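# Commentary on secondary and tertiary structure
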Amino acid sequence: MDSFEEKGGGSSDHSEPTNRDGLTVKPDKPMPLSLRAFKWTLMLSAAWVLFSRPYNTNELSHIAFLRGLKSAFQKEYGVVVSHSMYDKHREDPDKIWNRLPVSWPQLKDTVITWTPCYVEKECARLMLPLDYLREESLGNSREESSGPYTGIAMLRVPAKVPQEDPTYGGPILFNPGGPGGSGVALINTHGDQFQHIVGEEYDIVGFDPRGIGQSTPRVVVFPDEAEGAAWLMKEPAAVLFNHSSDAVAGQLARSTVYNTLFHQRARHAAQYASTASVARDMLEIMKAHGRDKLQYWGFSYGSVLGATFAAMFPDNVGRLVIDGVMDTKSYYDTLWHKNLVDTDTGLSMFFEACVEAGPRQCGLYESSAYQVKSRYDSLMDNLLHRPVAVSSINQWHSSALDYGIIDYSIVKAVIFRFLYSPYMLSPGMPSFASQLSFLLSEIEQGNGLPMWNVLKSGLPYFTCSCTPNAPKPTLRHPDALWTYMCGDGEVVEDTAEEYAEYLAHLNSSFADMWALRGHCSNWKVRPRYRFTGPYGGNTSFPLLIIGNTADPVTPLASAHAVARDFNGSSVVLTQNSAGHCSLAAPSLCTAKAIGEYFREGKLPEPGTVCEIETKMFGDDLSPSFSSLPMSEDRESLVMEALRSLNEVYSMPDFGLAREIGPRIMY
């Protein structure tokens, strides 16, 4: 074994070999030449045996061997071996997920096998019972499960302290919402930022719920991507129930077609995918980590998942944060009739911010918020009756003519999407709010091309091709969204008249964007394991519940309703901002409360309201750092993490089944 000593100062005629920590390496006594030759012959022979067989064996053994080979080269010859040999495998997600060693918690004393993946992340697949009810009916214990199984994909940012360290906090599970959002993708992209917020002593773990992403079996209605894209392109951006005689009936008919396809093609996997099953999966994931109590941070639909877990397993709550909270009973009743309570408040905040920003930053500027609203209303009314035609040379394919129509439903969908992330900023670029305001002012003048170009950017350009390897058109399709939202809830059998009445009673100018209930009409696939309440109870530790004052789809009132479900033992933290979930705007106050809750079990005082560190049209505020007792270094890390999340992270589009252009406009 190498021994180390600190490097001394002063000059030297020769440089001592050092390791990556700047410590001098004392080389071992040279090995005899014959033994060195034998050692390398043995290692190279082992390499031939290991890599000559098909690459479907334990990926970890390949990576470990390559690392050992690298270490041996560096030690004996002073040669720096590139990471690329094993990084090539480590960073190929398809190879990693298809060939991961699986972990079987049914076997006693089995630990999760984590494999290096992506960039400084670790991946694992945990095999869990596909049908918990079957296992219970057979009287099988956790160790006696006989299958079939679901393979839950997990990805983590490991804690910066070893598990033996007394400060190690264990894993925190994350769910990004949706339903259908990938926890693996969330943590792969933003896990480092979350770790800065909650503390580097925690493993940050994302998982793909059953049927979603890299977990198996997947719920897939359109196995051919072109077929799925073609279907989705016909999806209207809004159900204009007040302006079209057949809009409601048309949506119900379209839903009947899709739901029939879903039953024919996806029912075998979908019947085992439900929020109740995922809640049980989270308990098993924690047990596989050697822990009985859940640590969790869930956003949007993730609040339903978190509240469901707390109701099903109240004695297994360790730390549980739900952020952007849905009314749990409304969700399970397939109603979603309380979600738009604060949507128009968020739009009003945009009008007020426009006045404050002035004409240089807001293209719809007028001297009062009322006048900005009048200008906006006039613009939308004109679009409803006079859509804007667009025809131009495609800016990405100069040989092609680009053409289309900017109409009311498209612009309404863009504005609704904006209300999810109204404070989004990027260094050196105009704010999301500023760009949207000038796009609207161009449409006001009859020029739809700027908006069209924004909507087209980042989306595939569809052309026919006979080339076998030509890229296929792809658009996100929400098969997993409807699996959970329709399967979890009560059966919907509305007539067109009943559904139109439901939309009319939503009491929001964005009711035509809220077509969720109609999608579940005549849903045929019912999950085997379905939660039906009660929706609260007394938990082993209080929940931290977070709501924004003007969240477009999860109003603050729902946060308070869920807190009451848990007998008032939980605390609602209010963030004074628009946007969906607390990450819509950076707030050191909110981040501090979340960090203290996880690390110390400390809840904010009831009635706490946190301010934010930004404005909708840019220009950072000056936060009151004196009220935030955290170290300067930690404060800096947290603020940088919040800014980074604000620049690039957007919550999954709860309520938006169709992707409307790119998520950021720069």
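Now for the overall build of the protein chain. For the protein chain, the helix and strand inventory stands at 22 helices and 15 strands. With 666 residues in all, the protein chain has 53% of them scored as buried. If you take every contact in the protein chain between residues at least 6 apart in sequence, the share linking residues at least 24 apart comes to 75%. A total accessible area of about 29600 Å² is found for the protein chain, and carbon and sulfur atoms account for 53% of it.

On to helix H13 (residues 369–385), then. When the terminal C-alpha atoms of H13 are compared, their 25 Å separation across 17 residues agrees well with the 24 Å that a helix rising 1.5 Å per residue should span. Among all positions in H13, only Val372, Tyr376, Leu379, Met380 and Leu383 are buried. Projected down its long axis, H13 shows its buried positions confined to an angular sector of 95°, all on one face. Residues of H13 that are exposed and point over 90 degrees away from its buried face: Tyr370 and His385.

Attention now moves to the environment of Thr308. As for its placement among the helices and strands, Thr308 is situated in helix H10 (residues 301–312). Along the primary structure Thr308 and Thr328 are separated by 20 residues, whereas in three dimensions their C-alpha atoms are 8.1 Å apart. Setting aside its immediate chain neighbours within four residues, Thr308 contacts Thr275, Ala279, Tyr332 and Phe531.

This next bit is on the pattern of salt bridges. Under the criterion given, the structure shown has 19 salt bridges. A salt bridge links Lys329 to Asp333; the nearest nitrogen and oxygen atoms lie 2.7 Å apart. The class for Lys329 is partly exposed, based on a relative accessible area of 44%. Owing to a relative accessible area of 22%, Asp333 belongs among the partly exposed residues under this scheme.

Another point: the state of the cysteines. Per the counting criterion, the structure on display carries four disulfides. With its sulfur 2.0 Å from that of its partner, Cys117 forms a disulfide with Cys123. Across the disulfide from Cys117 to Cys123, rotation about the S-S bond amounts to roughly 85°, and the bridge is consequently right-handed. Like Cys123, Cys117 is buried. The disulfide partner of Cys589 is Cys610, and the S-S distance across this bridge is 2.0 Å. Measuring the twist about the S-S bond at about -55°, one finds the Cys589-Cys610 disulfide to be left-handed. With Cys589 in helix H21 (residues 588–600) and Cys610 in strand E15 (residues 609–610), the pair connects residues that are 21 residues apart, well separated along the chain. The partly exposed category is assigned to Cys589, whose relative accessible area is 24%. On the accessibility criterion, Cys610 (0% relative accessible area) is buried. In the protein chain, the bonded cysteines, taken in the order they occur along the sequence, pair up as 1-2, 3-4, 5-6, 7-8.

The packing of two helices is summarised by the inter-axis angle and the distance between the axes. Contact pair helix H12 (residues 343–357) / H13: the axes reach a minimum separation of 8 Å and the direction vectors enclose 115°. The two elements H12 and H13 meet at a crossing, and its hand is right-handed. Here Leu347, Phe351, Glu352, Cys354 and Val355 of H12 come into contact with H13, specifically with Ala369, Val372, Lys373 and Tyr376. Counted by class, the contact of H12 with H13 contains seven nonpolar, no polar and two charged residues.

Membership of the largest hydrophobic core comes to 171 residues, with the highest contact counts inside it found for Phe194, Trp297 and Leu320. The element contributing the most residues to this core is helix H8 (residues 247–270), with nine residues. Apart from residues lying up to four places away in sequence, Phe194 is in contact with Phe174, Leu186, Ile187, Ile204, Trp297, Phe299, Leu583 and Leu645.

All right, on to the pairing of strand E9 (residues 294–299) then. With six of its six residues buried, E9 lies for the most part within the structure. Here strand E7 (residues 170–175) pairs with E9 via three bridges, running parallel. Bridging from a neighbouring strand, Leu173 pairs with Tyr296 of E9. Pairing of E9 with strand E10 (residues 317–323), which is carried by six bridges, proceeds in the parallel orientation. Bridge pairing in E10 places Gly298 opposite Ile322. Handedness of the β-α-β unit built from E9, H10 and E10 comes out right-handed.

With 13 residues, helix H15 (residues 432–444) should reach 18 Å at 1.5 Å per residue; the first-to-last C-alpha distance of 18 Å fits that figure. Burial within H15 is extensive, with 10 of its 13 residues counted as buried. Within two residues after H15, Gly446 carries a phi angle of roughly 90°, on the positive side.

Let us look at the side chain of Asp327. The residue Asp327 is located in the loop between E10 and helix H11 (328–332) in this model. The buried category is assigned to Asp327, whose relative accessible area is 13%. Polar side-chain contacts of Asp327 include one of 3.2 Å to the backbone nitrogen of Lys329. A polar contact is formed between the side chain of Asp327 and the backbone nitrogen of Ser330, at a distance of 2.9 Å. Not counting residues within four places of it along the chain, the set of residues in contact with Asp327 comprises Lys338, Ser558 and Ala561.

The share of residues in the protein chain with pLDDT of 70 or more is 74%, and the mean pLDDT across the chain is 81. Contacts from residues 1–30, a stretch scored under 50 in pLDDT, to residues over four places away or in other chains number 28 contacts. Note on residues 37–91: pLDDT is under 50 here. Beyond four places in sequence and across chains, it has 67 contacts.

As for its placement among the helices and strands, Lys121 is situated in strand E5 (residues 121–129). Lacking a salt bridge, the buried Lys121 has Asp192 as its closest oppositely charged neighbour, with an N-O distance of 4.0 Å. A distance of 3.4 Å separates the side chain of Lys121 from the backbone oxygen of Asn188, its partner in a polar contact. Not counting the four nearest positions on each side in its chain, Lys121 is found in contact with Thr115, Pro116, Leu155, Arg156, Val157, Ile187, Asn188 and Asp192.

Conventions adopted
Residues numbered from 1 in each chain as written. Predicted model: local features only at pLDDT ≥ 70, side-chain atom pairs only at ≥ 80, totals over all residues. Heavy atoms only, no water. Helix = DSSP H or I, 4+ residues; strand = E, 2+ residues; numbered from the N terminus. Buried < 20%, exposed > 50% of the residue type's maximum accessible area, 1.4 Å probe, protein only. Contact = heavy atoms within 4.5 Å. Areas by Shrake-Rupley, 256 points an atom, 1.4 Å probe, with all protein chains shown as cover. Expected span 1.5 Å × (residues − 1). Arc of directions from axis to C-beta. Salt bridge = Lys/Arg side-chain N within 4 Å of Asp/Glu carboxyl O. Disulfide = S-S within 2.5 Å. Axes fitted to C-alpha atoms, helices over the stretch in contact; angles between N-to-C directions. Left-handed = near helix turned anticlockwise from the far one by under 90°. Nonpolar A, V, L, I, M, F, W, Y, C, P; charged D, E, K, R; others polar. Core = buried A, V, L, I, M, F, W, Y, C linked by side-chain atoms within 4.5 Å. Pairing = 2+ DSSP bridges. Right-handed = clockwise from strand over helix to strand, strands pointing away. Polar contact = N/O pair within 3.5 Å; in protein donor to acceptor, adjacent residues only side chain to side chain. pLDDT = per-residue confidence, 0-100. Lys, Arg positive; Asp, Glu negative; His and termini not counted.

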